[in-house]
Structures are given as structure tokens and as C-alpha cells.
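# Structural overview for review
Residue strings, one per chain:
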Amino acid sequence: KHVRNRHNVGWMLLDVMGALEGLHFVEKKLFSGKVAQFGEVLMLKPDTFMNLSGVAAKAIAKQYDAPIVEHANLYTRKGGDDILSEMYAFQQGETNLAIRPEMTPTLARMVAARRRSWKLPLRWFSIPNVFRYEKPQRGRKREHFQLNCDLMGIAGIEAEVEIISLAHKIMM
């Protein structure tokens with residue numbers, strides 16, 4: 001029932017990206033789906049749809065996720081208390097909480113907590129649902145999914161070059 005609808009636009013985009021780059025997806029035994037090699041990047045096209053895509057690609061890709069509720073101070077430290085008016089924030093007992101409006105502060109918290117035990121560099125991605133308390137407008141919704149591609153542990157301009165190159169290749 002989910003074939004060719006908005007839930008699978010990313011899955012269908014892989015066919016378009018592959019065609020533009022002259023790539024062909026081939027069956028691989030590493031996971032349930034097809035793979036196309038793009039330089040050092042593997043494009044994965046799982047046989048499954050929606051939430052099961054991450055499970056199918058787990059053998060190759062490092063996908064991460066986190067709870068949607070965080071301590072509000074994770075966001076106010078950078079954005080100040082005014083940022084609370086743009087978030088779904090609430091209090092549970094004495095604790096100020098918020099539903100995540102973005103994933104980067106959560107990722108930073110996760111990496112800071114375990115940076116000594118993880119081998120760098122880290123190349124991770126997530127497709128989290130994020131929530132923003134703002135007036136719904138055309139093209140802007142209060143809840144949406146966004147692709148995050150994160151690279152940690154590479155000093156200098158090389159990291160920026162890698163991320164910009166990835167963004168360019170995705171948009172080609």
C-alpha cells in the first residue's frame with residue numbers, strides 16, 4: 001500500500017540518483033536489497049519500505065536515532081530561553097523537557113557522553129522526525145522528517161569537503 005507515495009520518496013530518489021550517475025543497483029547478500037557503488041559511498045536500496053529500511057541496511061550503514069524528548073536546556077544553552085517559544089516544551093515534575101526540534105544537539109550529547117569509547121571518525125546518518133512549534137505554512141510543517149548526515153572526528157577542512165561533496169552528489 002505504500003508503493004509510490006510520499007513515504008517512499010527517498011527510496012524512489014535512489015533510482016533517479018542512480019540513473020543520473022549511470023549507476024545500477026545490484027543484489028548483495030549483506031542485506032535485503034540492492035547496492036550501487038558511488039566512489040567510496042554505497043547507495044543502499046532496501047527491499048523494505050518506511051521504518052524497516054534502517055533495519056535492512058544495518059549491516060552496512062551506521063544509522064542512529066534517539067528519544068524525541070530531551071532536556072530543554074540542551075536547546076536553550078545555545079539558543080537562549082526565547083527558543084522555547086518555537087518548541088514543544090513542557091515540565092515534568094521539576095524537569096523542563098522539550099520534543100526535539102532538531103537532531104544536532106542530541107547527536108552532540110550522545111557523542112560527548114561516549115567519545116572515548118568510540119573509534120573516530122564517525123560517519124552517521126539519521127532520518128528523525130522533528131517537531132517545531134510554529135504556524136504551519138506551505139512547505140513548513142510542525143512535524144517533519146529530515147535527513148542528517150554527520151561526520152565527527154576529522155579535523156580541518158577535509159570534513160567540510162566530505163559533507164559538501166556528499167550534499168552535492170545527493171542533489172545531482
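Summarised in this report is the structure supplied together with it. (Residues numbered from 1 in each chain as written. Predicted model: local features only at pLDDT ≥ 70, side-chain atom pairs only at ≥ 80, totals over all residues. Heavy atoms only, no water.)

Quick look at the environment of W118 now. Within the fold, W118 resides in the loop between helix 4 (104-114) and strand 7 (122-126). If sequence neighbours within four positions are ignored, W118 has contacts with M110, V111 and W124. (Helix = DSSP H or I, 4+ residues; strand = E, 2+ residues; numbered from the N terminus. Contact = heavy atoms within 4.5 Å.)

This part is about the pairing of strand 6 (residues 95-99). By the bridge criterion, three bridges tie strand 4 (residues 69-71) to strand 6 in an arrangement that is antiparallel. Its bridge partner being in strand 6, V69 is matched across the sheet by I99. Taken together, the five bridges between strand 5 (residues 88-92) and strand 6 define a ladder with antiparallel strand orientation. Counterpart to F90 in the pairing with strand 6 is L97. Here strand 5 hands over to strand 6 after two residues, with G93 in that stretch at a positive phi of 65°. (Pairing = 2+ DSSP bridges.)

Another aspect to go through is the packing of aromatic side chains. One pass over the structure, following the stated rule, counts three aromatic pairs. Arranged with centres 5.2 Å apart and planes meeting at 80°, the rings of Y88 and Y133 form a pair that is edge-to-face. Of this pair, Y88 sits in strand 5 while Y133 sits in the loop between strand 8 (129-131) and strand 9 (143-145); the two residues are 45 residues apart in sequence, bridging distant segments of the chain. Judged by its relative accessible area of 26%, Y88 falls in the partly exposed class. Seen from their ring centres, W118 and W124 are 5.0 Å apart, and the 70° between their planes marks the pair as edge-to-face. (Phe/Tyr/Trp six-rings, centres within 6.5 Å; stacked < 30°, edge-to-face > 60°. Buried < 20%, exposed > 50% of the residue type's maximum accessible area, 1.4 Å probe, protein only.)

Let us now look at the nonpolar core. Counting nine residues, the largest nonpolar core consists of Y64, A66, M103, L107, M110, V111, L122, W124 and M152. Listing elements by their share of this core, those giving two or more residues are helix 4 and strand 7. Tallying contributions element by element places helix 4 first for this core, with three residues. Apart from residues no more than four positions distant in its own chain, L122 is found in contact with V111, D150, L151 and M152. Listed in part, the five residues of the second largest apolar core include L74, Y75, M87 and A98. (Core = buried A, V, L, I, M, F, W, Y, C linked by side-chain atoms within 4.5 Å.)

This part covers the sheet that holds strand 4. If you trace the three strands from one edge of the open sheet to the other, you get 4-6-5, paired in antiparallel fashion. Two strands lie at the open edges of the sheet, namely strand 4 and strand 5, each paired on one side alone. Mean inter-strand twist for the sheet, computed between neighbouring axes without regard to direction, equals 35°. (Axes fitted to C-alpha atoms, helices over the stretch in contact; angles between N-to-C directions.)

Attention now moves to unusual backbone geometry. Following L120, the chain continues into P121 via a peptide bond in cis, with omega recorded as 5°. One can find P121 in the loop between helix 4 and strand 7.

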